Structures are given as C-alpha cells and as structure tokens.
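Understanding the architecture of this molecule
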Amino acid sequence: MSLIKFIIHRKTFVGMLFIGLTMLGYISYKNLAVELIPLVELPVMIVRVDAFQELEPSYVEKQAIIPLEGAIGTLEGIESIESFADHRSGMIFITYKDDTNVKYAYLKLQEKIESVKGNLSDQFMINAMKVDTERLSNMFMDIEARGDGGVDRVRNVVDKSVVDELESINGIASVEVFGGREKSIEIIIDDAAAEAYGITPSQISGL
C-alpha cells in the first residue's frame, strides 16, 4: 500500500520518470545500428569451376565436379555438399557445421583443391570462395529478360543492348548475364603440331 500511496502523492515525479524512460528508449532506438545482413562469417564455401570453352554439362560434371566433390568430401566438419554444372561453368556449395572455424576450413579447402588441380584437364579453372555477407548485402536485384526467338537470341540482345546501359547507371558496379549461350569460336587443335611447337591447349585458350 505504501508504494501506491507514494505514486498517488508523487504524480509529477512519476510522470516525469515515465517521460524520461520513454525519451531514453527513443534515443537508444534512433542510435541503434541496423544492418540488412550483419557482417558475420557464414559456414559456407563455394568452389567455382570455369571452362575456357562451351562443353556438355555432363562432361563438366564428370571431368571436374565429381573429382572435386570426392576430394572435398574427405575434409572435416562438412555437413552437406551440393553442386550443379552448365555449358561453361560449375559450382560446388559446401556447408560446414556451425562450430567450424571458417578461416581454418577455407585454408584446408584451398590446399585440397590445389592438390587436385594437377589431375584435372587444362580446360578448367578452379577457384574457392568464402560467402562474403558484405558483398551479398550489395547484390540485391535480378532482372529477367524474355522474348521471341529462343534463349540464345534473348541472351545475344541482352549482351548487345542491355548490359552497357545498366553498367552506365551510377552506383552499379557490375552486371552478370546468365542463361543462353554466348557466341564462341571453335578451334580444333592439331595435337602433333601443338606438341611440336610446345603449345598447350590452355595457352591457346588464353589468347
């Protein structure tokens, strides 16, 4: 009862106390840092396989993805491995357990990939990446293009007429196009001549 009497007889004091607490809460809320995606290290790694020329997805999978998956699967702390392949590239997504030391796991993954690279064809370039949450927070827009004539024609129109226009917009760092097939030149290598001149397929593809 003494507390109730105190509140009744000290109305001004109690009112000012509540106003002060409300103002304190409002100021704290306004100064609270808010991030769309906090800067944390996710226990996810990505191994990207890029081909120097268009290949059948089944070939990319058999010659690069499967051997890499087999090697990566021997590492500790892995929870799951998922992958996919298309005509020019492949991706392997590796999810680690929550208590995994991400920096240590990334170093071990790089070491494992380096040990496998020598057994893969020169047609592929392999890179390991960590999931960068700061970069993810900046990649927020997907634009879908549709049209007549098939996906290859749509891809060609986007490459010629859309990409440059988007990249010219202030604030856009880069534009990536997915889907369809890029125009390419097929080069048939004379193995005997290449060997005689000491030229490798990777050197030709890099020209």
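A brief structural summary.

**Quick word on the sheet that holds strand E2 (residues 78-85)**
Pairing is antiparallel in the open sheet, where 4 strands are placed in the order E2-E3-E1-E4. Where the open sheet ends on each side, the last strands, each with one partner, are E2 and strand E4 (124-130). Going across the sheet, the axis of each strand differs from the next one's by a mean of 15°, ignoring polarity. Where strand E1 (residues 44-51) lies against E4, 7 bridges are found, and the strand directions are antiparallel. Among the inter-strand pairings, Val49 is bridged to a residue of E4, identified as Ile126. Across the face of the sheet, helix H3 (residues 57-72) comes into contact with E1, E2, strand E3 (89-96) and E4 while running at roughly 165° to E2. Running over the sheet, helix H4 (residues 102-117) touches E1, E3 and E4 and is turned about 170° from E4.

**Here's the deal with H3**
For H3, the principal kink sits at Ile65 and spans about 35°; a proline, Pro67, occurs within the next four residues. Burial in H3 covers these residues: Val60, Ala64, Ile65, Leu68, Ala71 and Ile72.

**Some points on a nonpolar patch on the surface**
A cluster of nonpolar side chains, namely Met16, Ile19, Met23, Tyr26 and Ile27, defines an oily patch on the protein surface of about 540 Å² accessible area. On the secondary structure map, Ile19 appears in helix H2 (residues 11-30).

**As for the pattern of salt bridges**
Tallied over the entire structure, the rule returns 5 salt bridges. Note that Arg48 is salt-bridged to Asp50, the shortest N-O span being 2.9 Å. Across the pair Arg146 and Glu144 runs a salt bridge, and its minimum N-O distance is 2.8 Å. The two residues Arg146 and Glu144 agree in class, both being exposed.

**Some details on the nonpolar core**
Core analysis: the biggest nonpolar cluster contains 26 residues, and Val47, Leu68, Ile72, Ile94 and Leu109 have the highest contact counts within it. Looking at this core, the elements that each hand over two or more residues are E1, H3, E3, H4 and E4. When neighbours within four sequence positions are excluded, Leu68 is seen to be in contact with Val47, Val49, Ile92, Val116, Leu120 and Ile126.

**Regarding the environment of Phe52**
Mapped onto the fold, Phe52 is located in the loop between E1 and H3. Measuring from C-alpha to C-alpha, the distance between Phe52 and Met125 comes to 7.8 Å, with 73 residues separating the pair along the chain.

Calculation rules
- Residues numbered from 1 in each chain as written.
- Predicted model: local features only at pLDDT ≥ 70, side-chain atom pairs only at ≥ 80, totals over all residues.
- Heavy atoms only, no water.
- Pairing = 2+ DSSP bridges.
- Helix = DSSP H or I, 4+ residues; strand = E, 2+ residues; numbered from the N terminus.
- Axes fitted to C-alpha atoms, helices over the stretch in contact; angles between N-to-C directions.
- Contact = heavy atoms within 4.5 Å.
- Bend = angle between axes of the 7 residues up to and from the residue.
- Buried < 20%, exposed > 50% of the residue type's maximum accessible area, 1.4 Å probe, protein only.
- Patch = residues over 30% accessible without salt bridge, like charges linked within 9 Å, V, L, I, M, F, W, Y side chains within 5 Å.
- Areas by Shrake-Rupley, 256 points an atom, 1.4 Å probe, with all protein chains shown as cover.
- Salt bridge = Lys/Arg side-chain N within 4 Å of Asp/Glu carboxyl O.
- Core = buried A, V, L, I, M, F, W, Y, C linked by side-chain atoms within 4.5 Å.

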